[in-house]
Amino acid sequence: MVIGALLFPACPAHAALRPDQLILVANKAVPESLRIAKYYMQKRRVPRQNMVVIETSPKEGIGRAEYEKEIAAPVRSFLLEHDPKGNRFACLVLLYGIPLHVSPPHPSPADEKRIRELRLQLSSLKKKMPAGGGKPPQETKGLKDEIARTEKEISRVSNARQGASVDSEIALVMEAKYPLEGWLPNRYYIGFRGRNIDGMPQKVLAVCRLDGPSETTVYRIIDDSLFAEEHGLAGKAYFDARWPDKGGKDSLYRIYDRAIHHTARIVEKSGRLPVVLDEREALFGPGEAPDAAIYCGWYSLGKYIAAFTWARGAVAFHVASAECTTLKAATSTVWCKRMLDKGVAATLGPVAEPYLQSFPSPEVFFGCLLAGGALVESYTVANPFWSWQMVLIGDPLYRPFRPLSEKR
């Protein structure tokens, strides 16, 4: 598969994704989807035959059965007909109008009965816990463990961990039957290179989404990406860590915060952009981050902060648990939607609780972009898991930085 060329430490530009390796997936039920497909094919010279037109719900959510029938099946049929050996296409591009997330399958009647029984059991267990504050006595430890086991069983029987973003699920459209519970390791993730991991899917396509709050937003994303490629992405790189990088206990939060610090150092060392690193626990405040070309930071759950003015072609992502639950809801303040509203050209985020370890590595993502990698290449080697919650939004071919050896 062509995208295997991505598995070099520097994400070299000579292995860059080509327009003829893209498959555009448009929704016949959404006229904007077809118009955007035509526009993008003209701008990026994607062959006209590299498009699958499906007909599915225009809503942002879709059920598991409908996803399989209306999205996965026609995409799979196209690939089987046009690329049976799996060496022609490398990336699926989901266009405006394709649902954003797949709901977990409904429990069977027997499972629904079991869930009711477990919930009654859980309620009874919780009533046995000591009332009032303070640490419960040691003898309640077994009771707490039983509560945790019951909650985990309710989650399993109700299929709660079988939801995913459409994007992360469709990456495995050519994979044989695989478990839907939880996530599956990404064979292209740099952190898994050389490791033999049970259950790791082998037939994988990169996935990117050309989407946003409006049709106009998507045209702007395409145009801004082309502009930045031609003129160079200019502005400042902002990194919003929560604590100073002074070691301390290696909790998952500390490890990710340290990764943000390290990414800031990578960008600074590259000399591509001036870097602003904030080590306060508070985020950048309103108006504190002008001319932002790159941003990575945390933590303001579902509440975008108007700290930024965005440079044309800006690439940004915010680390929080619900930042891509919608791209369309007018009143939503989730970061992905609001950053696209305000001028970002590329972003990523989860459609549901992803857990911190499933966020892409900022060092790998931005490091590959700085080395001249295309957006979807950089994301694919930085993304740990498939069949989970993450979404990448932007022009998959967008290369905000050329290798230093190239002249513009």
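Residues numbered from 1 in each chain as written. Predicted model: local features only at pLDDT ≥ 70, side-chain atom pairs only at ≥ 80, totals over all residues. Heavy atoms only, no water.

1. A short note on the overall build of the protein
Here is step 1 of the chain: Of the regular secondary structure elements, the protein holds 10 helices and 15 strands.
Here is step 2 of the chain: Expected size for 408 residues packed as a compact globule is a radius of gyration near 22 Å; at 22 Å, the protein falls within 12% of this value.
Here is step 3 of the chain: For the protein, the spread of C-alpha atoms along the three principal axes comes to 70 × 55 × 45 Å.
Here is step 4 of the chain: Burial status across the protein gives 52% buried among its 408 residues.
Here is step 5 of the chain: Here the protein displays about 18,300 Å² of accessible surface, and carbon together with sulfur accounts for 53% of that area.
Here is step 6 of the chain: Each charge class in the protein was averaged separately, 55 positive and 45 negative side chains, and the resulting centres sit 1 Å apart. (Helix = DSSP H or I, 4+ residues; strand = E, 2+ residues; numbered from the N terminus. Rg over C-alpha atoms; globule rule 2.2 N^0.38 Å. Buried < 20%, exposed > 50% of the residue type's maximum accessible area, 1.4 Å probe, protein only. Areas by Shrake-Rupley, 256 points an atom, 1.4 Å probe, with all protein chains shown as cover. Lys, Arg positive; Asp, Glu negative; His and termini not counted. Charge placed at Lys NZ, Arg CZ, Asp CG, Glu CD.)

2. A few points about the side chain of R209
Here is step 1 of the chain: By the secondary structure assignment, R209 is in strand β8 (residues 206–210).
Here is step 2 of the chain: Beyond its immediate sequence surroundings of up to four residues, R209 is in contact with L94, I98, P99, L100, V166, D167, L327, V391, L392, I393 and G394. (Contact = heavy atoms within 4.5 Å.)

3. Quick word on the sheet that holds strand β11 (residues 289–297)
Pairing between the strands of a sheet is mediated by backbone hydrogen bonds and can be parallel or antiparallel.
Here is step 1 of the chain: Reading across the sheet, the 4 strands line up as β10-β9-β11-β12 and stay open at both edges, with parallel pairing between neighbours. Each edge of the open sheet is held by one strand with a lone partner, namely β10 (275–278) and β12 (308–318). When the angles between neighbouring strand axes are averaged without regard to direction, this sheet yields 25 degrees.
Here is step 2 of the chain: Strand direction decides the pairing type here: β11 and β12, joined by 6 bridges, are parallel. Residue pairing in the sheet places G297 in a bridge with H318 of β12.
Here is step 3 of the chain: Contacting β11 and β12, helix α8 (residues 335–342) runs over the sheet at an angle of about 170 degrees to β12. (Pairing = 2+ DSSP bridges. Axes fitted to C-alpha atoms, helices over the stretch in contact; angles between N-to-C directions.)

4. Some thoughts on the pattern of salt bridges
Here is step 1 of the chain: Inspection of every chain in the model, using the stated rule, returns 22 salt bridges.
Here is step 2 of the chain: Residues K126 and E151 are paired through a salt bridge, measuring 3.7 Å at the closest nitrogen-oxygen approach. Residue K126 is located in helix α3 (residues 109–127), and its partner E151 is located in helix α4 (residues 141–157); the two are separated by 25 residues in the primary sequence.
Here is step 3 of the chain: A residue is classified by how much of its surface remains accessible, and K126, at 45% relative accessible area, is partly exposed. (Salt bridge = Lys/Arg side-chain N within 4 Å of Asp/Glu carboxyl O.)

5. Re helix α6 (residues 215–231)
Here is step 1 of the chain: Between the first and last C-alpha of α6 there are 25 Å, a value that for 17 residues agrees with the 24 Å anticipated at 1.5 Å per step.
Here is step 2 of the chain: Within α6, burial applies to E215, T217, V218, I221, I222, D224, S225, A228 and E229.
Here is step 3 of the chain: Those residues of α6 that are buried lie in contact with α1 (31–44), β8, β12 and α8.
Here is step 4 of the chain: Backbone geometry just downstream of α6 places G232 in the positive-phi region, at approximately 95 degrees. (Expected span 1.5 Å × (residues − 1).)

6. A look at the packing of α3 against α4
Here is step 1 of the chain: Look at α3 against α4: their axes get within 10 Å of each other, and the N-to-C directions meet at 160 degrees. Relative to α4, the element α3 is oriented roughly antiparallel. Considering the relative orientation of α3 and α4, their crossing is left-handed. Contact residues: D111, R114, I115, L118, R119, Q121, L122, L125 and K126 in α3; L143, E146, I147, T150, E151, E153, I154 and V157 in α4.
Here is step 2 of the chain: Counted by class, the contact of α3 with α4 contains 8 nonpolar, 2 polar and 7 charged residues. (Parallel < 35°, antiparallel > 145°, perpendicular 65-115°, else oblique. Left-handed = near helix turned anticlockwise from the far one by under 90°. Nonpolar A, V, L, I, M, F, W, Y, C, P; charged D, E, K, R; others polar.)

7. Structural notes on the sheet that holds strand β5 (residues 101–102)
Here is step 1 of the chain: Reading across the sheet, the 3 strands line up as β3-β5-β6 and stay open at both edges, with mixed pairing between neighbours. Each edge of the open sheet is held by one strand with a lone partner, namely β3 (61–62) and β6 (164–165).
Here is step 2 of the chain: Pairing of β3 with β5 involves 2 bridges; the strand directions are parallel. Bridged to G61 within β5 is H101.

8. Points about the pairing of strand β9 (residues 236–240)
Here is step 1 of the chain: Across the 5 residues of β9, 4 count as buried, placing the element largely inside the fold.
Here is step 2 of the chain: Here β9 runs beside β11; their pairing, made up of 5 bridges, is parallel. Paired with F239 across the two strands is C296, which belongs to β11.
Here is step 3 of the chain: Here 4 bridges tie β9 to β10, and the two strands are oriented parallel to one another. Counted as the bridge partner of Y238 is V276 from β10.

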